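# Secondary and tertiary structure notes
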Amino acid sequence: MIAWQPAGEPSIPARQQPALALEYGRSRDANDADLLRDTGLVAGLDADGLVAPAQYLQQLSNTLHTLDSPDTSFMLGQLLLPGHDGAASHALVQAPNLRALLQTLCRFHARLTPLLRPRFETWGDVALLYWVDAYGAPGIRPALVEMHMTAVVALCRWLGGERLPWRFCFNRGAPRHVEQHHVHLGTELRFGCQLDAMLLPAGWLDRPWPRASEMAARLALQSAEQEQSRAPGVLAALYDYLLENVRMAPTLERTAADFGVSPATFKRQLLRHHTHFQGELDGVRTHVALWLFQVERADNEQVARYLGFHDAANFRRSFKRWTGLTPGPIRAALDGELGWFTGALEPGI
């Protein structure tokens, strides 16, 4: 049975990310009553208690609204990693290089970044880290993405001793002002993409970091693995499940059974997380199609067969429903994105 966590079940230690967000709000002269409105949390936060993801999301929404500053999401990101989650956080700090750090982040994402699930992929000269929802937060999704991207950029700069040449894609329109993006992320930004992603020349993945110690990294990982695991958010678990089974045309009924609930219960759970099964499946299919277009250089017929469509025309209609565009413009845009990215590869990288 698939392990998963609903947004309403307490699972995040109050003394960790919620406490840091509260302290940041206080440092900007915000009142606890405003920061914790409608969360059900008390002003002091129970140091030994747990906070539900839904409560933490509401707290972050309150913080963004109360402070009403374009730098809030980025400043919260500066506080996010490596975090204070025991061995998992220690394993991040002890990572000997970028590849190990990203693998550790993805492996323990339910502890380190419970609200968004990072996924790490490589192909050719490109490394990709992209973010998917764990619990659903449509109202503050852009801010969550900014927060988590900033956290990774800041941690890598601290551990590596230099700013890495990240490039960023956003599944949203361009904001009116991008000054804070430039300050915290850099100037290599693309908006209107089909996913929220960070790209990097793959040659940076295995460069040893100044304080790297293979033994310390190995011991830290062993300690993290021995700690009690935390189930991922329902949407993060569903994304992983659908991605693994996308070629077998997963159904709501089969998926619900594998998640240990009835179809009606699973449907209600997804509605509580601001989504539905078909929408999540279409999102995964979109990402798989993009991957096949970009990495495998597949055509419409090949992608249609991979995803189980009867013919390319049916796939083309579905793809337009998913993205608002037909595959042709998307493939051209992907070629442009890769050109934009590979044009910045440094000699020898």
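Treat the numbers as computed from the prediction; the structure is a model and nothing was measured.

## Concerning the overall build of the chain
Each helix and strand counted, the chain has 17 helices and seven strands in total. Taking all 349 residues of the chain together, the buried fraction comes to 53%. Considering only residue pairs separated by 6 or more positions, the chain has 68% of its internal contacts joining residues 24 or more positions apart. If you sum the accessible surface of the chain, you get close to 15800 Å²; carbon and sulfur atoms cover 50% of it. If you average the places of the 33 positive and of the 36 negative side-chain charges in the chain, the two averages end up 4 Å apart.

## Things to note about the sheet that holds strand 4 (residues 126-133)
With respect to topology, five strands assemble into an open sheet ordered 3-4-7-5-6, the strand pairing being mixed. Strands at the two margins of the open sheet, each flanked by one partner only, are strand 3 (116-123) and strand 6 (189-190). Where strand 4 and strand 7 (residues 196-201) come together, six bridges link them in antiparallel fashion. Counted as the bridge partner of Ala127 is Leu200 from strand 7. Running over the sheet, helix 6 (residues 98-107) touches strand 3, strand 4 and strand 7 and is turned about 140° from strand 3.

## Observations concerning the environment of Arg230
By the secondary structure assignment, Arg230 is in the loop between helix 10 (214-226) and helix 11 (234-245). Residues Arg230 and Phe277, 47 residues apart in the sequence, show an inter-C-alpha distance of 23 Å. For Arg230, the contacting residues outside a window of four places in its chain are Ser11, Ile12, Pro13, Asp85, Ala110 and Arg111. Only 3.4 Å separates the side chain of Arg230 from the backbone oxygen of Ser11, close enough to count as a polar contact. Within the structure, Arg230 has its side chain in polar contact with the backbone oxygen of Ala110 (distance 3.3 Å).

## What to know about the environment of Gln55
Here Gln55 is to be found in helix 3 (residues 53-67). In the structure, Gln55 is positioned 29 residues away from His84 in sequence and 19 Å away in space, judged by C-alpha atoms.

## Describing empty space enclosed by the protein
A water-sized probe rolled over the atoms picks out the places where empty space is left. In the structure shown here, the tally under the stated rule is two cavities of 30 Å³ or more. Approximately 60 Å³ is the volume attributed to the largest cavity. What lines the largest cavity is simply Gln17, Leu20, Ala21, Tyr56, Leu60, Leu76, Leu79, Leu80 and Met147. If you list the elements that add at least two residues to the lining of the largest cavity, you get helix 1 (17-27), helix 3 and helix 4 (72-80). Partitioned by chemical class, the residues of the lining of the largest cavity number eight nonpolar, one polar and no charged. Residue-level mapping places the lining of the largest cavity at the junction of two domains, with at least three residues from each of domain 1 (1-68) and domain 2 (72-226). Its volume calculated, the second largest cavity comes out at about 40 Å³. Lining the second largest cavity, in full, are Gln16, Gln17, Leu80, Gly83, His84, Asp85, Ser89, Arg111 and Leu112.

## Re unusual backbone geometry
For the peptide bond that leads from Leu81 to Pro82, omega is 10°, which places it in the cis range. Mapping Pro82 onto the fold places it in the loop between helix 4 and helix 5 (87-93). Backbone geometry at Ala249 places phi at a positive 50°, although glycine is not the residue there. Tracing the sequence through the fold places Ala249 in the loop between helix 11 and helix 12 (252-258). With a phi angle near 65°, His274 is a residue other than glycine that sits in the positive phi range. Mapped onto the secondary structure, His274 falls in the loop between helix 13 (263-272) and helix 14 (277-294). Owing to a relative accessible area of 56%, His274 belongs among the exposed residues under this scheme.

## Side note on helix 11
Taking 1.5 Å per residue as the helical rise, helix 11 with its 12 residues ought to reach 16 Å, and the 16 Å between its terminal C-alpha atoms agrees with that figure. Burial of helix 11 is extensive: nine of the 12 residues sit out of reach of the surface. The set of residues buried in helix 11 consists of Val234, Leu235, Ala236, Ala237, Leu238, Tyr239, Tyr241, Leu242 and Asn245. Here the buried face of helix 11 lies against helix 7 (109-112), strand 3, strand 4, helix 12, helix 13 and helix 14.

## Topic: the UniProt feature "domain: HTH araC/xylS-type" (unreviewed entry) in the chain
The sites that UniProt annotates as "domain: HTH araC/xylS-type" (unreviewed entry) are residues 236-333. Split by type, residues 236-333 is 72% helix and 0% strand. Its first and last C-alpha atoms lie 27 Å apart.

## Structural notes on the packing of helix 11 against helix 14
Remark: helix 11 packs on helix 14, axes separated minimally by 10 Å, with the N-to-C direction vectors making an angle of 55°. Here helix 11 is positioned oblique relative to helix 14, judged by the angle of their axes. Both helix 11 and helix 14 take part in a crossing whose hand is right-handed. Taking contact as the criterion, the partners of Leu235, Leu238, Tyr239, Leu242 and Leu243 in helix 11 are, on helix 14, Phe277, Glu280, Leu281, Val284, His287 and Val288. Partitioned by chemical class, the residues of the contact of helix 11 with helix 14 number nine nonpolar, one polar and one charged.

## Some details on the domain arrangement of the chain
Its domain assignment divides the chain into domain 1 (1-68), domain 2 (72-226) and domain 3 (234-342). Summarising the inter-unit geometry, the C-alpha centres of domain 2 and domain 3 are found 24 Å apart. Facing 27 residues of domain 2, the contacting portion of domain 3 comprises 20 residues. Interface area for domain 2 against domain 3, summed over the two sides, is near 2000 Å², with a carbon-plus-sulfur share of 67%.

What counts and how
Each chain has its residues counted from 1, running along the sequence as written. Only residues with pLDDT of 70 or above have their local features reported here, since the model is predicted, and side-chain atom pairs are shown and tallied only from 80 upward, although totals for entire chains, interfaces and linings are computed over all residues. The side-chain values count all of the structure's non-hydrogen atoms but skip hydrogen atoms and water molecules. Each helix corresponds to a stretch of at least 4 residues labelled H or I by DSSP, and each strand to a stretch of at least 2 residues labelled E; elements are numbered beginning at the N terminus. Each residue is assigned to one of three classes by its accessible area relative to the maximum for its type, calculated with a 1.4 Å probe on protein chains only: buried under 20%, partly exposed between the two thresholds, exposed over 50%. By the convention used here, residues are in contact when the closest approach between their heavy atoms is within 4.5 Å. We get accessible surface area from the Shrake-Rupley algorithm with a probe of 1.4 Å; when it comes to residues, only the shown protein chains can shield them. For the purpose of charge, His is not counted, nor are the chain termini; Lys and Arg are scored as positive and Asp and Glu as negative. Charge coordinates come from a single atom per side chain, which is NZ of Lys, CZ of Arg, CG of Asp or CD of Glu. Two strands pair under a simple rule: DSSP has to find at least two bridges between them. To obtain each axis, a line is fitted to C-alpha atoms, and for helices this fit is confined to the stretch in contact; angles are then taken between N-to-C directions over 0 to 180 degrees. The term polar contact refers here to a pair of N or O atoms within 3.5 Å; inside protein, the definition further demands a hydrogen-donor-capable atom paired with an acceptor-capable atom, and it admits residues adjacent in sequence only when both atoms are side-chain atoms. In this analysis the probe radius is 1.4 Å and the grid spacing 1 Å, with only protein atoms considered; a cavity is a set of points the probe fits into but cannot get out of, a pocket is an open set with protein on both sides within 12 Å along at least five of seven lines, and lining residues have an atom within 4 Å of a point. Grid points are joined across faces, edges and corners, and a volume is the space filled by probe spheres set on the points. Under this grouping Gly is polar, as are all residues other than the nonpolar Ala, Val, Leu, Ile, Met, Phe, Trp, Tyr, Cys and Pro and the charged Asp, Glu, Lys and Arg. Domain extents, as shown, originate in an automatic or database domain assignment. To estimate the expected span of a helix, subtract one from its residue number and multiply by 1.5 Å. UniProt positions are given in the numbering used here, feature names are shortened, and annotations may be inferred rather than shown by experiment. What sets the label is the angle itself: under 35 degrees gives roughly parallel, over 145 gives roughly antiparallel, 65 to 115 gives roughly perpendicular, and the rest give oblique. By the definition used in this description, the sense in which the near helix is turned from the far one sets the handedness, with an anticlockwise turn below a right angle giving left-handed and a clockwise turn giving right-handed. When two components associate, each loses some accessible surface as probed by a 1.4 Å sphere; the sum of these losses over both components is called the buried area.

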